[in-house]
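What follows is the residue order along each chain.
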Amino acid sequence: MSQLTEHIDTKFDVLYLRSQFPVLNQEINGKKLIYFDNAATTQKPERVINAISAYYSEYNANIHRGLHSLAERATAAYENTRLTIKEFIHADEVEEVIFTSGTTESINLVSNAFGRKFLDPGDEVIISELEHHSNIVPWQMICQERGAKLKAIPIDGKGDLNIDAFKNLLTEKTKIVAVNHVSNSLGTINPVKEIIQIAHETGAVVLIDGAQASAHLDIDVQELDCDFYAFSAHKLYGPTGVGVLYGKRKLLESMDPYQGGGEMIKEVTIAKTTYSDIPYKFEAGTPNIADVVAFNEAINFVKGLGPKSNILRYEHSLLDFATEKLKEIPGLTIIGEANKKIGVISFIVDGLHHFDIGMMLDAKGIAVRTGHHCTQPLMESCGIDGTVRVSFSIYNTLEEVSIFVESLRQIVEKWR
Amino acid sequence: MEIKENNPSTLTQIQDEIIEEFSFLGDDRESTIFYIMELGQKLPMLDEKYKVEQNIIKGCQSKVWLHADLEGDRIIYQADSNTEITKGLISLLIRVLSGQNIDSILNAELYFIEKIGMGQIIGSQRSNGLVAMIKQMKLYALAYKSKLS
C-alpha cells in the first residue's frame, strides 16, 4: 500500500464520487467491474439519470413554440443548459452555443455549412495524423465535393504533433484547420492555442475537436480564440445523443443552415423560406430535449469537482502509476508518450494480439478498448493495426490500476 | 487430417462432444475463454503459401485465413488467424466440419454454437465473424459440389 499511497494526490473523495455512479457498483463475470473505457464514454452520475427521468415524468413537452406551462418549463430547462455551457466554455454569447447530436454532427455541420460556402477548388484543409475518423471523413467528403485538398500534420515518435511541419503545410490556400484538443488513441494534449495562432496568421479558420478534452481540461474558447469548438455530452458524464458546437457569431451568421425543417425558420412560403437567427438556424427539428436538460446536471457535477486542474492532477496520478507499472511487464510497449497527456494509455504486447488481451481482461471484469480506436491513419503511421487502450476518469482508483496491471501481468505470463 | 467414417451421425456426435466439454467449464467465462484459446494454440499450423489475400474471410474483425482441399467427396479445412481466440473458434468449426462429405457440410446445422452459449462468450462482433466463417466453409463445399457435378 505504501507504493499506492505515495501516488495519491487528490482533493476529492473518490469513494464518495464512486457512490454517485450506480453502474460502477456491479460485478462482471463474478469480478468487481473495473471501467477503464472512459475515452469511449464516461459513466453517468445519479443526478444525470434522475434528470432524464424527471423530465419525462414531470415536464415533457415540445420546446419553444408552445404557449402552455409544460412547454414553458421544458424550454426554460433546455435553454438553461445552453447558458450553463456558455459559461462552461467561456463563450462570449449564449447564441454561439449550438446543440447537436454529438461531436461528429458538430464537425459535419461545419464541414457542410462552412465548407460548402467557403471552400473553392484548389483550397486546402489541414487536419492531423492524430485525428479520430470523425474529424477526417467529413473533411474528405467536403474536399472531394469542392475540389479542395486535404493535408495532415504528421506526428513525431512520441505522439506529439510536428508543429514545424504544420507551419510548412500552411499556405494562403488553407481555409480550414481542424485538429483535436486531445488525441483519443494516445492521450496527447495538443498545443491548440499555438496551432490556432499560427493558422490565424494566414487567415485560416480553426475547428477544435474537443471530444476528449472537455472532461479533463479547462475549455476557454475566447482565450483559445478558436473559431469552432466541438464536444459531446456523453464523454463528460452526460447522456449520449447530445453534442455542442461552439462557433464565433460572425462565422455562424455567415453560414447557411445545415439542415432544413421546423425550429430553424422565421417564415416559410412555398416559394421561399427565411431562416431563424443563430443558434436556432442550425437546430432543425425537435431536439433531444431530455438529454440536453440532463446534460446541465452533468456540467454541474463537473463544476462541483472544483477546478479542472484538480481533476487532471488526480487522473495524472493514475496515469503515472499505471505507466510506471505497465513498463515493468515484459514485451509491453506503450504507444504514445507525448510531453503532455491526459489519463490515456495505449499499448501493445509483443506476441499477444490486442483482441485476445481485451477478451481476457473482460473475463476478469476489466473493461478496456481494443482495436484502431477509429484512428486508422494514426495506427498506420505507428506501423500497427491496433492497441489496447485504457482511459481513466475521476472515479477510477489506484487500487483498480493495481488490479488491472496484475491481471495483465498474469495474462502476459500465461499466454505470451 | 483424419478421414471420418461415412457415418451420418458423426456431425451430431462431434457437436455433442463439444457441448459436453464446454458443460464442464460451467458459467466461468474466464475458464471458457482460456479453453478456447488453448484450442487455438493446438490448431495445426497453416502452410504459409495458403496465407494469401484470397483466403482471408471477409466479415471477421481479426484476420482469418481458410483453405479447403477436396479428398474424394470430403473436404479438409485448414485455417489460421492472428488472434488466439479466433483460432480457437475456427478450430471448433474445423473439428466439426473438416473431413465430412460435401452434402453433410452443406446441410450441417451447427447447433453446438448456441448450446454452448457462444454468443455470450464472444460477444456480438465476434459472433458475426463466426457466421462469416461458417458461410465461407459452406461456400467452399458448394464450389466443390459444382466442380464435381
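Residues numbered from 1 in each chain as written. Chains lettered and ligands numbered in written order. Predicted model: local features only at pLDDT ≥ 70, side-chain atom pairs only at ≥ 80, totals over all residues.

Caption draft 1: Quick peek at the overall build of chain A. From N to C terminus, chain A includes 15 helices and 17 strands. Over its C-alpha trace chain A gives a radius of gyration of 22 Å, about what one expects of a compact globule, namely 22 Å for 416 residues. Summarising its shape, the C-alpha atoms of chain A cover approximately 70 × 55 × 35 Å along the three principal directions. The burial tally for chain A puts 50% of its 416 residues in the buried class. Restricting the contact set of chain A to residue pairs at least 6 apart, pairs at least 24 apart contribute 71%. (Helix = DSSP H or I, 4+ residues; strand = E, 2+ residues; numbered from the N terminus. Rg over C-alpha atoms; globule rule 2.2 N^0.38 Å. Buried ≥ 20, exposed ≤ 12 C-beta atoms within 10 Å, placed from the backbone. Contact = placed C-beta atoms within 7 Å.)

Caption draft 2: Just the overall build of chain B, in detail. Broken down by element type, chain B carries six helices and two strands. Starting at the N terminus, the α and β elements of chain B follow one another as α-α-β-β-α-α-α-α. Taken over C-alpha atoms, the radius of gyration comes to 15 Å for chain B, in line with the 15 Å a tight globule of 149 residues would show. The dimensions of chain B, computed from C-alpha atoms along their principal axes, are 45 × 35 × 25 Å. The proportion of buried residues among the 149 residues of chain B is 39%. Here the contacts in chain B between residues at least 6 apart in sequence split such that 67% fall between residues at least 24 apart.

Caption draft 3: Here's a closer look at helix α8 (residues 192-201) of chain A. Residue and element names in this part refer to chain A. If you check which residues of α8 are buried, you get Val192, Ile195, Ile196 and Ala199. Down the axis of α8, the smallest arc covering the buried residues is 100°, so these residues share one side. Facing away from the buried side of α8 by more than 90 degrees, the exposed set consists of Glu194 and Glu201. On its buried side, α8 packs onto α7 (163-169), β7 (174-180), β8 (205-209) and α9 (221-224). Gly203 occupies a position one or two residues after α8 and carries a positive phi of about 90°. (Arc of directions from axis to C-beta.)

Caption draft 4: Layout of the sheet that holds strand β5 (residues 124-128) of chain A. Residues and elements named next belong to chain A. Pairing is mixed across the open sheet formed by seven strands, whose spatial order is β4-β10-β9-β8-β7-β5-β6. Edge positions in the sheet fall to β4 (97-100) and β6 (149-153), since each has one partner strand and no second. Taken pair by pair, the neighbouring strands of this sheet meet at an average axis angle of 20°, ignoring direction. Bridge count for β7 against β8 is five bridges, and the pairing is parallel. Looking at the pairing, Ile176 lines up with Val205 of β8. (Pairing = 2+ DSSP bridges. Axes fitted to C-alpha atoms, helices over the stretch in contact; angles between N-to-C directions.)

Caption draft 5: Geometry of the interface of chain B and chain A. Across the boundary between the two partners, chain B contributes 10 residues, which contact nine residues of chain A. The element best represented in the side of chain B that touches chain A is helix α2 (residues 29-42) of chain B, accounting for four residues. In the side of chain B that touches chain A, the residues fall into three nonpolar, four polar and three charged. (Nonpolar A, V, L, I, M, F, W, Y, C, P; charged D, E, K, R; others polar.)

Caption draft 6: Examining the nonpolar core more closely. All names here are of chain A. Val206, Tyr229 and Ala298 are the most contacted members of the largest nonpolar core, which has 156 residues in total. Here this core takes 10 residues from helix α11 (residues 289-303), the largest share from any one element. Two domains each put at least three residues into this core: domain 1 (2-32 + 307-415) and domain 2 (49-303). The residues contacting Tyr229, other than those within four sequence positions of it, are Ile89, Ile208, Gly210, Ile219, Val221 and Tyr246. Formed by seven residues, the second largest nonpolar core is a distinct cluster that contains Leu17, Phe21, Tyr314 and Tyr395. (Core = buried A, V, L, I, M, F, W, Y, C linked by C-beta atoms within 7 Å. Domains from an automatic or database assignment.)

Caption draft 7: Structural view of the environment of Ala199(A). Relative to the helices and strands, Ala199(A) resides in helix α8. With residues up to four places along the chain from it excluded, the contact list for Ala199(A) reads Leu170(A), Val177(A), Ala204(A) and Val206(A).

Caption draft 8: Structural view of the confidence of the model for chain B. Residue and element names in this part refer to chain B. Here chain B averages 88 in pLDDT, while 94% of its residues score no lower than 70. Averaged over each element, pLDDT in chain B is lowest for helix α6 (residues 118-148) (89) and highest for strand β2 (residues 74-81) (95). ipTM for the predicted complex: 0.86, alongside a pTM of 0.92. (pLDDT = per-residue confidence, 0-100.)

Caption draft 9: Main features of the packing of helix α3 (residues 46-58) of chain A against α11(A). All names here are of chain A. In the contact formed by α3 and α11, the axes pass within 8 Å of each other and the chain directions differ by 150°. Put simply, α3 runs roughly antiparallel to α11. Note on packing geometry: the crossing formed by α3 with α11 is right-handed. Seen from α3, the contacting residues are Arg47, Val48, Ala51, Ile52, Tyr55 and Tyr56; seen from α11, they are Ala290, Asp291, Val293, Ala294, Glu297, Ala298 and Phe301. (Parallel < 35°, antiparallel > 145°, perpendicular 65-115°, else oblique. Left-handed = near helix turned anticlockwise from the far one by under 90°.)

Caption draft 10: Examining the pairing of strand β17 (residues 387-391) of chain A more closely. Residue and element names in this part refer to chain A. Counted residue by residue, β17 has five buried out of five residues, so it is predominantly covered. On β17, burial covers both faces: Thr387, Arg389 and Ser391 on one face and Val388 and Val390 on the other are all buried. Pairing analysis gives four bridges linking strand β14 (residues 344-349) to β17, with the strands arranged antiparallel. Opposite Ser346, over in β17, you have Arg389 as the bridge partner. In this sheet, β17 lies alongside strand β16 (residues 369-371) in antiparallel orientation, the contact comprising three bridges. Residue pairing in the sheet places Gly371 in a bridge with Thr387 of β17.

Caption draft 11: How the structure looks around the domain arrangement of chain A. All names here are of chain A. Taken domain by domain, chain A consists of domain 1 (2-32 + 307-415) and domain 2 (49-303). Put simply, the middle of domain 1 and the middle of domain 2, counted by C-alpha atoms, are 29 Å apart. Tallying the contact residues gives 23 residues for domain 1 and 21 residues for domain 2. At the level of secondary structure, the elements contributing two or more residues to the side of domain 1 that touches domain 2 comprise α12 (308-326), β14 and α14 (376-382). The element that contributes the greatest number of residues to the side of domain 1 that touches domain 2 is α12, accounting for four residues. Grouping the constituent residues of the side of domain 1 that touches domain 2 by class yields 10 nonpolar, seven polar and six charged.

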